[in-house]
Amino acid sequence: MNEMLRKTREWLNCSTRRSFSAVLHEAKITPRQMQICELKFVKGLTNYQIAAELNVSDKTIEKELNRAYKSITNVLKSL
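Quick caveat: nothing in here was measured; it's all calculated off a predicted structure.

Engineer: Can you walk me through the packing of aromatic side chains in this structure?
Structural biologist: Aromatic ring pairs are reported here in terms of the distance separating the ring centres and the angle at which the planes meet. Inspection of every chain in the model, using the stated rule, returns one aromatic pair. With 6.3 Å between their ring centres and 55° between their planes, Phe 41 and Tyr 69 make a pair best called tilted. Of the two residues, Phe 41 is situated in helix α3 (residues 31-42) and Tyr 69 in helix α5 (residues 58-78); the sequence distance between them amounts to 28 residues. Comparing Phe 41 with Tyr 69 shows no difference in burial state: the two are buried.

Engineer: Can you walk me through the packing of α3 against helix α4 (residues 47-54) in this structure?
Structural biologist: Packed helix pairs are characterised by how far apart their axes lie and by the angle those axes make with each other. In contact at an axis separation of 10 Å, α3 and α4 are set at 130° when each is read in the N-to-C sense. The angle between the axes of α3 and α4 places the two elements in the oblique class. The handedness of the crossing between α3 and α4 comes out as right-handed. Counted together, Gln 35, Ile 36, Leu 39 and Lys 40 of α3 and Asn 47, Ile 50, Glu 53 and Leu 54 of α4 form the full contact between these two elements. Here the residues of the contact of α3 with α4 sort into four nonpolar, two polar and two charged.

Engineer: Mind showing me how you'd approach the packing of α3 against α5 here?
Structural biologist: Running from N to C, α3 and α5 cross one another at 95°; their axes reach a closest spacing of 9 Å. As summarised for this structure, α3 and α5 are arranged roughly perpendicular, according to the angle between their axes. On α5, the residues touching Arg 32, Gln 33, Ile 36, Cys 37, Lys 40 and Phe 41 of α3 are Thr 60, Ile 61, Glu 64, Leu 65, Arg 67, Ala 68, Tyr 69 and Ile 72. Classifying every residue of the contact of α3 with α5 by side-chain character gives eight nonpolar, two polar and four charged.

Engineer: Would you explain α5 in this entry?
Structural biologist: Every α-helix carries 3.6 residues per turn, so stepping three or four residues along brings you back to the same face. Helix length check: α5, at 21 residues, gives a terminal C-alpha distance of 31 Å against a target of 30 Å (1.5 Å per residue), a fit within 8%. Considered for burial, the residues of α5 that qualify are Ile 61, Glu 64, Leu 65, Ala 68, Tyr 69, Ile 72, Thr 73, Val 75 and Leu 76.

Engineer: I'm lost on helix α1 (residues 3-14) in this one. Help?
Structural biologist: Relative to the 16 Å expected for twelve residues at 1.5 Å per residue, α1 spans 17 Å between its end C-alpha atoms, a close match to the ideal helical length. All of the buried residues in α1 are Leu 5, Thr 8 and Leu 12. All buried residues of α1 lie within an arc of 55° about the axis, which places them on one face of the element. Where α1 is buried, its residues meet α2 (17-27), α3 and α5. Looking at where α1 begins, the residue whose side-chain oxygen comes 2.7 Å from the main-chain nitrogen of Met 4 is Asn 2.

Cut-offs applied
- Residues numbered from 1 in each chain as written.
- Predicted model: local features only at pLDDT ≥ 70, side-chain atom pairs only at ≥ 80, totals over all residues.
- Heavy atoms only, no water.
- Phe/Tyr/Trp six-rings, centres within 6.5 Å; stacked < 30°, edge-to-face > 60°.
- Helix = DSSP H or I, 4+ residues; strand = E, 2+ residues; numbered from the N terminus.
- Buried < 20%, exposed > 50% of the residue type's maximum accessible area, 1.4 Å probe, protein only.
- Axes fitted to C-alpha atoms, helices over the stretch in contact; angles between N-to-C directions.
- Parallel < 35°, antiparallel > 145°, perpendicular 65-115°, else oblique.
- Left-handed = near helix turned anticlockwise from the far one by under 90°.
- Contact = heavy atoms within 4.5 Å.
- Nonpolar A, V, L, I, M, F, W, Y, C, P; charged D, E, K, R; others polar.
- Expected span 1.5 Å × (residues − 1).
- Arc of directions from axis to C-beta.
- Polar contact = N/O pair within 3.5 Å; in protein donor to acceptor, adjacent residues only side chain to side chain.

Right, here's the structure in full:
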């Protein structure tokens, strides 16, 4: 995994609810990506659990998360 994407993931895991929401909003990710990020980083679900809850494949979850990570990384770089 790219170093910056790893740092983004760590930041998402450690962020406060307020900063988490602010950065996700600033990143202009899709509502679906927002939902997936919240399930992953707020509720602590695995990709498999998220996929089951949303009735999609775990590969779809992985793809959506990667897209969200890239957008969020761009926002974090500018801070």
